[in-house]
Structure formats: C-alpha cells, structure tokens
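Remarks on the overall topology
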Amino acid sequence: MEKRKRRWGDRRDGTLLRNLDSLHFITGIIYPNRCDNEAYISETIDLTNINAYLKKKNETADFHYTLFQVIVAAIAKTITLRPKMNRFVANRNFYQRNGVSLSFVVKKQFSDHGAEALAVLHVKDGDTIEAVHDYIEEQVTFCRSEKVDSSTGAMDMLNSLPRFISKSAVRLLCWLDRHGWVPPSMIATDPYYTSCVVSNLGSIGLKSGYHHLTNWGTCSIFCIIGEKKRAPFFQDDGTAEMRETVELGLTIDERLADGYYYSKSVRLLKKLLECPELLERPMTEEVDY
C-alpha cells in the first residue's frame, strides 16, 4: 500500500473524507454515536465446500487450517474489495481507514478462570489464506504463552492505580480517543481500533447472535461465529438434504453506506465462503459474484 501524504484533518489511522454527499455529511453530525447506528445481519453458511477444502489443505499442513481461518480470510478480502466497509465515524467526521485489520481474542486456557489475550491481523494487499493461517498460528502460540500483549498491559496498569486516579485517566483517554490521539502503544492490540472484530463463540459451544458495537475506538463491524449445526437444504424438486452449516452474526455501522452496498458486500462474503479456493488469490484480486 502506497504511503499517503497526511493533510490537515486526517488522523494517524484514517484519512478524512472531504467529498461526502450531503446525507452522509449530516448523518455524522446528528447521529454521532456508533452504538446508536447499529444494523444486524444474520447469515447461514453451507459448510460443504469449506469442509472439503479444509480436508484437502490439511493433508499436508503441519498446523491445521480451520474454519475460523477461512472466515477471517474471507472477511479480510471482502473489506479489502469493498472499501466503504473500512470506514469509521469519529468526532462527527467520516474517515477511510488506513489499512485493513481484524482482531480476535485468544483464550489462554479453556476454563472458567482462563485469561484472554488480544491479537490483531494487519492485512497486506498480496496476502492470501496462507498468510492468514501462518499469522493466526503465530498469534495463538504467542497469546497462550506467559507474555502479555500491549493493550492488556495498559489496562492492567490502569487497574492497579487508585480508583479516583484511574477514572480520571480513563476520562482523559476517552477525550483523546475522539480525536485519534490515544498513544499507539496503548491500542496496538485494541480490538476496537480495527476494521472488524471476529469472535468465535462456536469454539466454546455457543450459538451466533448479536453483539453491540462500541463508541470507543473506530471499529465499524463485529462478526460472531456460532457453533456448527446440521440444517435442511431444499432442492428444486422439494426434497431436502441435511448439510453442516454455521451461522454468522454481523453487526455493522449503518452510517457508512446504503443498504445496497451492504447487501452486495455480504453477497461477496458468502461467495468467498462457498468457494474458498478464491482465498488463495491476493486480497486485492477482484472476484466475480
């Protein structure tokens, strides 16, 4: 990605959109809070092709390819090819994010008291599912070690201060957040400063569902992955076939684009999941859908 020249009004993490149509310009002013502008979309994904793809890939892979990796790669490619999905509203202004990034939580240990760590994937234009696979393997290994990511470390520091000091510090951080001035070291692995947060609830036996956005940070998309289940698929002749499926719950900031743009973006995501071989092509390579 080419290095941009920063102009007055731009943020460290985004370029100010200066040529918005009047509707979107006004929307950012009269509806300033991300949590007040959520739209929820639920999609059921047929896993037939993904299962076959994973079986083939894992015949020679040392670290297994997983459904989670396929979904992360598909979301990353969708956001790359649909740039309005990579916008955010902050301090009543619209910005185009500088780069595509996805975040997720890694459970250090599957127990009631198991700690969590934060991981962020920064997507490059030439990345494929192989790059996503390698990065997630690296991050899972890191997060399940005794090391602490920078964002968790910053929260631990605030939590150790006297309560009145920590509350004042958080209020200051919220003011800095609105202007894009939070120190980079504090938000390096903050999931709410990425293009999309991906939460794999299926890995802990939960169904997909709605998850709110937050006014903190810049994240405009949240994706919940539910547990796998079998569901009927009806043929043209009325007969039904049981197939393994997974449900995705997508919460999006409706201020960023119109319904048609979102609908077409979801159609692209489903195309990539139905034809996972497309994820072996660079993120920026266009797809017919």
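Below is a short write-up of the structure. (Residues numbered from 1 in each chain as written. Predicted model: local features only at pLDDT ≥ 70, side-chain atom pairs only at ≥ 80, totals over all residues. Heavy atoms only, no water.)

Details of the nonpolar core
Ranked by size, the top nonpolar core spans 55 residues in total, and within it Ile75, Leu102 and Leu273 carry the most contacts. Per-element accounting of this core gives the leading share, 11 residues, to helix 3 (residues 67–81). Those residues within four positions of isoleucine 75 in sequence are excluded, and the remaining contacts are Leu102, Cys196, Val198, Cys223 and Leu269. Membership of the second largest hydrophobic core comes to six residues, among which are Leu173, Leu176, Val182 and Tyr193. (Core = buried A, V, L, I, M, F, W, Y, C linked by side-chain atoms within 4.5 Å. Buried < 20%, exposed > 50% of the residue type's maximum accessible area, 1.4 Å probe, protein only. Helix = DSSP H or I, 4+ residues; strand = E, 2+ residues; numbered from the N terminus. Contact = heavy atoms within 4.5 Å.)

Thoughts on the environment of aspartate 36
Inspection of the secondary structure assignment puts aspartate 36 in the loop between helix 1 (22–30) and strand 2 (38–46). Considered as a pair, aspartate 36 and tyrosine 193 are 157 residues apart in the sequence and their alpha carbons are 18 Å apart.

Things to note about the pairing of strand 10 (residues 240–253)
Relative to strand 10, strand 2 is paired through nine bridges, and the arrangement is antiparallel. Within strand 10, the residue paired with glutamate 38 across the bridge is aspartate 253. Summarising the sheet, strand 8 (residues 221–225) and strand 10 pair through five bridges and their orientation is antiparallel. Bridge pairing in strand 10 links cysteine 223 to leucine 250. Alignment of strand 9 (residues 229–234) against strand 10, held across six bridges, turns out to be antiparallel. Across the sheet, the residue bridging to arginine 230 is glutamate 244, located in strand 10. Hairpin geometry of strand 9 and strand 10 is characterised by an intervening segment of five residues between the two adjacent antiparallel strands and by a positive phi of about 95 degrees at glycine 238. (Pairing = 2+ DSSP bridges.)

Concerning empty space enclosed by the protein
Under the counting rule described, the total for this entry stands at one cavity of 30 Å³ or more. Taken as a whole, the largest cavity encloses approximately 130 Å³ of empty space. Contributing to the lining of the largest cavity are 13 residues, with Thr78, Met85, Ile221, Leu250 and Leu269 lying nearest its centre. Per element, the largest residue contribution to the lining of the largest cavity is four residues, and it comes from helix 8 (residues 259–274). Here the residues of the lining of the largest cavity sort into 11 nonpolar, two polar and no charged. (1 Å grid on protein atoms, 1.4 Å probe; cavity = no way out; pocket = protein on both sides within 12 Å on 5 of 7 lines; lining within 4 Å. Points joined across faces, edges and corners; volume = space filled by probe spheres on them. Nonpolar A, V, L, I, M, F, W, Y, C, P; charged D, E, K, R; others polar.)

Here's the deal with the packing of helix 3 against helix 8
Between two packed helices, the angle of one axis relative to the other and the distance separating the axes together describe the packing. The interhelical angle for the contact between helix 3 and helix 8, taken along N-to-C directions, is 140 degrees, at an axis separation of 9 Å. If you check the angle between helix 3 and helix 8, you find them oblique. In the crossing of helix 3 with helix 8, the sense of the turn from one axis to the other is right-handed. Seen from helix 3, the contacting residues are Val70, Ile71, Ala74, Ile75, Lys77, Thr78 and Leu81; seen from helix 8, they are Ser265, Leu268, Leu269, Leu272 and Leu273. Looking at the contact of helix 3 with helix 8, its residues break down into nine nonpolar, two polar and one charged. (Axes fitted to C-alpha atoms, helices over the stretch in contact; angles between N-to-C directions. Parallel < 35°, antiparallel > 145°, perpendicular 65-115°, else oblique. Left-handed = near helix turned anticlockwise from the far one by under 90°.)

Focus: a nonpolar patch on the surface
A contiguous nonpolar patch, built from Phe25, Ile26, Ile29, Ile30 and Tyr31 and spanning about 480 Å² of accessible area, is present on the exposed surface. Here isoleucine 30 is to be found in helix 1. For isoleucine 30, a relative accessible area of 52% gives the class exposed. (Patch = residues over 30% accessible without salt bridge, like charges linked within 9 Å, V, L, I, M, F, W, Y side chains within 5 Å. Areas by Shrake-Rupley, 256 points an atom, 1.4 Å probe, with all protein chains shown as cover. Salt bridge = Lys/Arg side-chain N within 4 Å of Asp/Glu carboxyl O.)

Observations concerning the environment of valine 197
Secondary-structure assignment places valine 197 in strand 7 (residues 196–200). Expressed as a C-alpha distance, the spacing of valine 197 and glutamate 59, which sit 138 residues apart in the sequence, is 30 Å. Not counting the four nearest positions on each side in its chain, valine 197 is found in contact with Ser103, Pro191, Tyr192, Cys219, Ile221, Phe222 and Cys223.

So, the sheet that holds strand 3 (residues 87–90)
Read across the open sheet, the three strands follow the order 1-4-3; overall the sheet is antiparallel. The sheet is open, and its two edges are formed by strand 1 (14–16) and strand 3, each paired on a single side. Here the strands of the sheet are splayed against their neighbours by 40 degrees on average, with no regard to which way each runs.

Quick word on the side chain of asparagine 86
On the secondary structure map, asparagine 86 appears in the loop between helix 3 and strand 3. Overall, asparagine 86 belongs to the buried group, its relative accessible area being 5%. Looking at asparagine 86, its side chain comes within polar contact range of the main-chain oxygen of glycine 99, at 3.1 Å. Discounting chain neighbours no more than four positions away, the residues touching asparagine 86 are Ile79, Tyr95, Gln96, Arg97, Gly99, Val100 and Ser195. (Polar contact = N/O pair within 3.5 Å; in protein donor to acceptor, adjacent residues only side chain to side chain.)

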